[in-house]
Amino acid sequence: MRILAIESSCDETAAAVVEMSDTVRAVHSSVVASQVDVHALYGGVVPEIASRAHIEAIHGVVDRALREASLTMEEIDTVGVTYAPGLIGSLLVGVSFAKGLAFTYKKPLVPVNHIKGHAAAAYLVNKELQAPFCALVVSGGHTSLYDVRTPTSFVEIGGTRDDAAGEAFDKVGRVMGLPYPGGAAMDRLAAQGFANGRGEMFSFPSPAVPDDTFDYSFSGLKTAVINQMHTIRQKLGLSDNESLPEDIREGIAASFTRVVTEGICQKLRCAVRETGIRDLVLAGGVAANSHLRAAVSQTAEELSVRLTVPPLSLCGDNAVMIGAQAYFEALNGNFADSSLNAYASDENAAFV
Ligand code: KG4
Ligand code: ZN
């Protein structure tokens, strides 16, 4: 099945052509137009600007994905599109465009949940991967553990009770004066901190909720890190536009990253033991974090479970992952007609 997939849930306009069958899992093209530079001026995503940027980019992005795949719309079997969760104005652009394409070329339309899509990136990396598996999706909006019973049936067994890990990375990075989005820059700063032995410089509260759930909470950790930075600034008599000393910046980034990673792995360990699942997938934008990738890989080894982690290009938002999930949704008969709507949150949009 040749799938043209479209993703526009946040600040990346993406399109891809993937080919999926019982024996084939191939990427023919993947185009991602990022709006990050525009939003960086404001220190975060501005929804109104994001929607307008999607409208401007989507035609060219889809056209390029088809050209790079050397295929025409007539040669595509199915159109897949992210319909939830995300910024509503952004989602509506992708959904409307996909509906137009599907209607014009008389192709089936498959709605895809963005979070399921993140996990589905793993199918393109590990061609043997099959449900059941456990998926840890760590992104700007989610930090969730799923028991993926079939390719389309995701049961959330743990999640964040407040902020997502990516949000915490971005907020701490912002207070530290790093460019938006802070995650990648925090990763680099933390790596220097670990290399200089500063991973234990500060102790912060764990994001693992101290009970027998598999839940996380990042808001207390985020506040503790920000308070720590304010206290140090006051002690050193620094003004608002003066930067913290480099050793302190490295120590904060490394200590924060260590605590996030340890907390995530602690619950992951419990979830894998309790479910007895033998395959683990790490996915989402924060899965690009070098320290998290190494720690989850070590945890998987300890537990003797097989781990699949997408390459960096398939961790952040992209349409390849949406195409992969669209295949399984289509196999399951999950098609939409032209009444398909977009939904900002998972709660309103049951996993179809
Ligand atoms: O999955 P994603 O691209 O978008 C959402 O669905 O939210 O995730 C974006 C998040 C941002 O918070 C970004 O800062 C974070 O992923 N991120 C990272 C790294 N690269 C991206 N966080 C930590 N370390 C990284 N290397
Ligand atoms: Zn995402």
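Residues numbered from 1 in each chain as written. Chains lettered and ligands numbered in written order. Predicted model: local features only at pLDDT ≥ 70, side-chain atom pairs only at ≥ 80, totals over all residues. Heavy atoms only, no water.

Engineer: Tell me about the coordination of the zinc ion (ligand 2), residues and numbers included.
Structural biologist: For the zinc ion (ligand 2), the protein coordination sphere consists of H114 (NE2), H118 (NE2) and D317 (OD), at 2.0 to 2.1 Å. Mapping the donors of the zinc ion (ligand 2) onto the primary sequence yields the spacing H-x3-H-x198-D. Of this pair, H114 and H118 both sit in helix α4 (residues 114–125), 4 residues apart, which is roughly one turn of the helix. Side by side, H114 and H118 carry an identical accessibility label, which is buried. (Donors = N, O, S within 2.8 Å, 3.2 Å for Na, K, Ca; no water. Helix = DSSP H or I, 4+ residues; strand = E, 2+ residues; numbered from the N terminus. Buried < 20%, exposed > 50% of the residue type's maximum accessible area, 1.4 Å probe, protein only.)

Engineer: Report on a nonpolar patch on the surface, specifying residues and quantitative values.
Structural biologist: Judged by side-chain polarity, V38, L41 and Y42 come together as a nonpolar surface patch covering roughly 340 Å² of accessible area. Its place among the elements puts V38 in helix α1 (residues 36–40). (Patch = residues over 30% accessible without salt bridge, like charges linked within 9 Å, V, L, I, M, F, W, Y side chains within 5 Å. Areas by Shrake-Rupley, 256 points an atom, 1.4 Å probe, with all protein chains shown as cover. Salt bridge = Lys/Arg side-chain N within 4 Å of Asp/Glu carboxyl O.)

Engineer: Could you give me a rundown of the sheet that holds strand β7 (residues 143–150), with the residues and numbers involved?
Structural biologist: If you trace the 5 strands from one edge of the open sheet to the other, you get β8-β7-β6-β9-β10, paired in mixed fashion. With partners counted over all chains shown, the strands left at the sheet margins are β8 (153–158) and β10 (306–308), one partner each. In this sheet, adjacent strand axes meet at a mean angle of 25° when their direction is disregarded. As judged from the 6 bridges shared by strand β6 (residues 133–138) and β7, these two strands associate in the antiparallel manner. Looking at β7, one finds that L136 is bridged to L145. Sheet contacts for α4: β6, β7, β8, β9 (279–283) and β10; angle to β6, the most-contacted strand, approximately 120°. (Pairing = 2+ DSSP bridges. Axes fitted to C-alpha atoms, helices over the stretch in contact; angles between N-to-C directions. Contact = heavy atoms within 4.5 Å.)

Engineer: Please set out the packing of helix α2 (residues 47–68) against helix α3 (residues 88–105) residue by residue, giving values where relevant.
Structural biologist: Following both chains from N to C, one finds α2 and α3 inclined at 30°, their axes separated by 8 Å at the closest point. Here α2 lies roughly parallel to α3, going by the angle between them. Note that α2 runs across α3; the crossing there is right-handed. Two secondary-structure elements touch here, α2 through A50, S51, H54, I55, I58, H59 and V62 and α3 through G89, S90, V93, G94, F97 and L101. Residues of the contact of α2 with α3, tallied by class, amount to 7 nonpolar, 6 polar and no charged. (Parallel < 35°, antiparallel > 145°, perpendicular 65-115°, else oblique. Left-handed = near helix turned anticlockwise from the far one by under 90°. Nonpolar A, V, L, I, M, F, W, Y, C, P; charged D, E, K, R; others polar.)

Engineer: Please set out helix α9 (residues 290–303) residue by residue, giving values where relevant.
Structural biologist: Taking 1.5 Å of rise per residue, the 14 residues of α9 would be expected to cover 20 Å, and the 20 Å separating its terminal C-alpha atoms lies within 8% of that figure. Where α9 is buried, its residues touch β6, α8 (246–275), β9 and β10. A side-chain oxygen of the first residue of α9 lies 3.1 Å from the backbone nitrogen of H291; this N-cap is N289. (Expected span 1.5 Å × (residues − 1). Polar contact = N/O pair within 3.5 Å; in protein donor to acceptor, adjacent residues only side chain to side chain.)

Engineer: Go over the sheet that holds strand β2 (residues 12–20) with me, naming the residues and quoting the values.
Structural biologist: Spatially, the 5 strands line up as an open sheet ordered β3-β2-β1-β4-β5, and their pairing is mixed. Every interior strand has two partners, whereas the edge strands, β3 (25–34) and β5 (109–113), have only one. Mean inter-strand twist for the sheet, computed between neighbouring axes without regard to direction, equals 20°. Direction of pairing for strand β1 (residues 2–7) relative to strand β4 (residues 78–84): parallel, over a ladder of 4 bridges. Bridge assignment links L4 to a residue of β4, and that residue is V79. Its contacts with the sheet place α2 against β1, β2 and β3, and it is angled at close to 25° to β2. Sheet contacts for α3: β1, β4 and β5; angle to β4, the most-contacted strand, approximately 160°.

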